[in-house]
Structures are given as C-alpha cells and as structure tokens.
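Observations on the model geometry
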Amino acid sequence: MLNNFFYIDNSIGLKKTYQDFIFDVNSVTQLNSFIKSDDYYAFFCQLVAAMISDSDIALINEAYTSQEVDGLVSNIIFSNRKNITINVDFFSLHDLIVESKCKVGIFTSGTTGTPKLVKHSMNSLLRAVKKSTSHENDIWGFAYSPTHFAGLQVFLQALLNYNTIIRLFGLNTSEIHVNIEKCNITHISSTPTLFKMLVGGQETHPKVKRITTGGEKSDITLMPAILKKFPNAKVLNIYASTEAGSLFITNGSAFIVPTKIMSEITIIENELLIHESLLAESDSFILQNGWYHTGDLVEIVKENPLTFTFISRKNEMINVGGYKVNPHEVEKIIATIDGVRDVIVYGKENSVTGNIICCDIVSVNNFILNKKDIKFFLKDKLQNYKIPIIYNFVENISKTKTGKKERLVQ
Amino acid sequence: MDKLKTIINNILEEAGKSQIDELNASQHLQNDIGFDSLELAELTVNIEAEFGVDIFLDGIVTTIGEILNKIDA
C-alpha cells in the first residue's frame, strides 16, 4: 500500500505515492501560520505536517491577490514561523490525524465586510468522513480548492482511507474527462456549476460510483444529465457551510436532519438556524440565544424527521458557481476607479452559474466609462467570479428611506 | 449566425482569448470555442438579450448547433 499513489496531477506530470508523501511530510521542518499555494501537493504536505504537530493553521485561497493576503495576514492571522519535527509512518498517519488537536482556519466572506476566519477542530472536519474497508479502493477526483471546506472534506476522506487523489480542480472539461477515464476515478465531489460543464457530449463514465454535489443550491434539472453521464453513480447533494461544516445530505432536493443533530437544528420563519454547539470557532459569529442564523431560507417538507428544501439566500451574499461574492467588497473596488461617482453591485439569476454579478454605475459628470476598461482594471484586484458580467451606466442609484442602496436580487 | 459569432467573439476578446473566424454547428462551446463557466454564463445573458431565449433554461447546451436550435425554435 506504500506504493499506492497518494496524489496525481497529470497536467504537470506529478505522481506521488504514499511513501513519497510520508517522506515529504516528515521533511517539513518549518511551518508558517498559514498556507497559500497553488502547488497542491506541497499544500497537502504542510497541512498534514500541521495536523500531526498539533499546529493551528489557516488556509488562504491561491487566487487571493498579494494585497488581499496582506490584509488577512496583518488583520486576522499572525505571520510567524515555527520549527517542527515530524516522525510519522504509513500506519500511524491515520491515528495521528484523527487525534490531532490542530485547528484549521478557513476564511468565509460572512455577510458583509472583510473575510472572517473560522477555525475547525478535527472533530468538525472529520464529522462526515467515513473510514472503512468498503472505501479502500476509492479513487477521488479532486475538484475543489483545498482551502474550501468541501475540498478539505474530500482530502480527509481520501487520505484517511489511503485512497488516491487526482487533481481535477483548475483543469478544463476535456482534461477532466480524460483524467476520469485514464485514472479510473470512482468518486467525484464538486459544485453543480462544474457538473453542468461536464454533462454534455456522448461519452459516459461507467466506473464512477459516487457523485456528490454541494456549495450551491442544487439544480434538480441537472440530475437526469448527471445520471446519463455517470450511469452507475449514486448522486448525493451535501449541505455544508464554512461555519458549521457538513450537516445534511440528500439524494433528491429534500434534506433530512439526522437524528443525532436534531436538537441542534431549527427553522424559524423559514430560516435555517444552527445551534452554537455545531459551529466551528470564530470571533465573528453573531448568535441569538445560542443560535446562529445561517441566512438560508428553506421550506419544511416534513416535520418528523425534519425535512426541508433549500429556497434561497436571505442576506446579500451572492453565490456564483459555489463561490460567495460580497457585493460591498466589489463596490469598494469599483468606487476607486477614476470617473465613478457611485456604484451598486447585485446578483441576477443565471441558468449556468446560479447567479451572475451585475453593477449599476453612476459616472462623474462628462466622464466616459466603458465596460472593457473597468473589467481590465478589476482583473488583478478581484477573483474572476467576483468581476461583474453586466454593466449598466445609470443616472442615479435608488436608495431606501434610510439612505441604504436598494440592492434587489433579480 | 453572424450575430451569434459577434456575441461569442466579444466575450472571447474581453477574456483575452483567440476569436473565432467561422462558426459551425459541431463546434463545442468549451473544447473548441474555449469558454469556461463564467463565460458561458455571460453568453446566455447576451444571447437572451439579442434573441429572447435563455439557452440553458431547459437543459445543458454544449455545441453551436444546440444553441442555433434553441434560437430558431
């Protein structure tokens, strides 16, 4: 099993066995308080070294600009290095991770303002991970960023079962199809938006046994297309949040609240509430009598067991293909462009990505602004999913009686 | 077909990608034209603005031919 592959990235010809991985984890002698890297193998080595050495670690998405990282590092996490000594072998790897006291910090956009750090204990990260002999031959298509909660779930599920992880994240759809077949992938977890990219064409992938979707509202019209493309797969949709981790699963659109967390979930005025006992650690949670308001609007389908379907987001965060966009953040940056007097950013429903970002811009008198120049300006300041697709140049932006911009989701 | 080609090339140009000289029905939106999911989202918006049809509303569209069928339907 030592010679089993741990990680394969065919786009760069990288293949690492578990033996390689153990050696490289043991070779980590220094850790920062955070990891930011688009080299996923190096990322995993550092992450596991942090877990084994009980070192708290924050994960920063590789797409963050240097400016954004500086903000995170100075305001939220400290940049310090520590020396560590790791001595793990293949057989002790599992237990050392499961028993780790490490807290892994992930950033969430929250409801407004700058990203907030949410720290998950190993208990929280491992809640939905299943270790058993029935999983020992699983081969995982890794289609999330490892800084995303869902990405961590897939990573830990694969690692603790000593499975192989095949990088799919960041590849184009042709490459993904080739990798699924070439590497005999059996399990793929990703967003509905990615699966919409994959389901076209005639080829099928009969070896795939499990498809898991999450990160966005599930699209029921996508299911027949997924089943046609992956005819032997069981398809599940997972509700997970950065704040609480994985909570519910469904094979349709209705989520059933598991018995063991029944008393820690409630629905009030159609909003899903989670008890603080299920939450990760954070300075930013606002609780009301011990309950966290998720901002997810749901409809109760059945009372016992509590079963619900997801309707929409309540707050202003816009979900674009599984990525949450804070409109205020985008407005702040557009407002710095010469000639912009006022701007409002909002979402509009879209059949491909769930939502797209739109903006209305009021220009300074006689200043001519155009979409192309604005998009070019935003390119190195924002991740691509945050950059508006629709630009309306308007005379004014309507405000409510209290002077707040009217941000209507269309 | 010309209007569709213009819409497609505008998106490609803004994305800094190579534009398409000719469209044909068999071209694949991702593999041949080179669209990612955000660009496909923009494509649906622009096609709907021009032709009044949301091409992804009833299911996945993967080729130029499938788009033309929906626009002409």
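Now for a quick tour of the structure. (Residues numbered from 1 in each chain as written. Chains lettered and ligands numbered in written order. Predicted model: local features only at pLDDT ≥ 70, side-chain atom pairs only at ≥ 80, totals over all residues. Heavy atoms only, no water.)

**Comments concerning the overall build of chain A**
- A tally of regular secondary structure across chain A gives 11 helices and 25 strands.
- For 410 residues, the compact-globule estimate of 2.2 N^0.38 gives 22 Å, and chain A sits close to it at 22 Å.
- In terms of principal-axis extent, the alpha carbons of chain A reach across some 70 × 50 × 50 Å.
- When each of the 410 residues of chain A is scored for burial, the buried share is 54%.
- Look at the contacts in chain A between residues 6 or more apart in sequence, and 62% of them connect residues 24 or more apart.
- Element-wise, carbon and sulfur atoms account for 50% of the exposed surface of chain A, whose accessible area totals about 19100 Å². (Helix = DSSP H or I, 4+ residues; strand = E, 2+ residues; numbered from the N terminus. Rg over C-alpha atoms; globule rule 2.2 N^0.38 Å. Buried < 20%, exposed > 50% of the residue type's maximum accessible area, 1.4 Å probe, protein only. Contact = heavy atoms within 4.5 Å. Areas by Shrake-Rupley, 256 points an atom, 1.4 Å probe, with all protein chains shown as cover.)

**Focus: the packing of aromatic side chains**
Residue and element names in this part refer to chain A.
- Per the counting criterion, the structure on display carries 27 aromatic pairs over all chains.
- Between Phe-6 and Phe-155, the ring centres sit 6.4 Å apart and the planes meet at 75 degrees, which makes this aromatic pair edge-to-face. One end of the pair, Phe-6, is in strand S1 (residues 5–9); the other, Phe-155, is in helix H6 (residues 149–160), and 149 residues separate them in sequence. As far as burial versus exposure is concerned, Phe-6 and Phe-155 are alike and both buried.
- The ring of Tyr-40 is capped by Arg-167, whose NZ or CZ atom sits 4.0 Å from the centre of that ring.
- Against the face of Phe-377 rests Lys-381, its NZ or CZ located 4.0 Å from the ring centre. (Phe/Tyr/Trp six-rings, centres within 6.5 Å; stacked < 30°, edge-to-face > 60°. Lys NZ or Arg CZ within 6 Å of the ring centre and 35° of its normal.)

**What about the sheet that holds strand S10 (residues 164–167) of chain A?**
Residues and elements named next belong to chain A.
- Strands sit in the order S2-S1-S10-S9-S11-S12-S13-S14 across an open sheet of eight strands; the sheet is mixed. The open sheet is flanked by strand S2 (14–17) and strand S14 (245–250), the only strands paired with a single partner. Sheet twist, expressed as the average angle between the axes of neighbouring strands with direction ignored, equals 20 degrees.
- Together, S1, strand S9 (139–142), S10, strand S11 (187–190), strand S13 (234–241) and S14 form the strand contacts of H6, whose direction differs from that of S9 by roughly 160 degrees. (Pairing = 2+ DSSP bridges. Axes fitted to C-alpha atoms, helices over the stretch in contact; angles between N-to-C directions.)

**Brief notes about the interface of chain A and chain B**
- Facing 23 residues of chain A, the contacting portion of chain B comprises 16 residues.
- Between chain A and chain B the total buried area reaches about 1700 Å² when both faces are included, carbon and sulfur atoms providing 61% of it.
- Our count for the chain A to chain B interface comes out at five salt bridges.
- The interface formed by chain A and chain B includes nine residue pairs in polar contact (both at pLDDT 80 or more).
- Among the residues forming the side of chain A that touches chain B, the class breakdown is 10 nonpolar, nine polar and four charged. (Buried area = accessible area lost by both parts, 1.4 Å probe. Salt bridge = Lys/Arg side-chain N within 4 Å of Asp/Glu carboxyl O. Polar contact = N/O pair within 3.5 Å; in protein donor to acceptor, adjacent residues only side chain to side chain. Nonpolar A, V, L, I, M, F, W, Y, C, P; charged D, E, K, R; others polar.)

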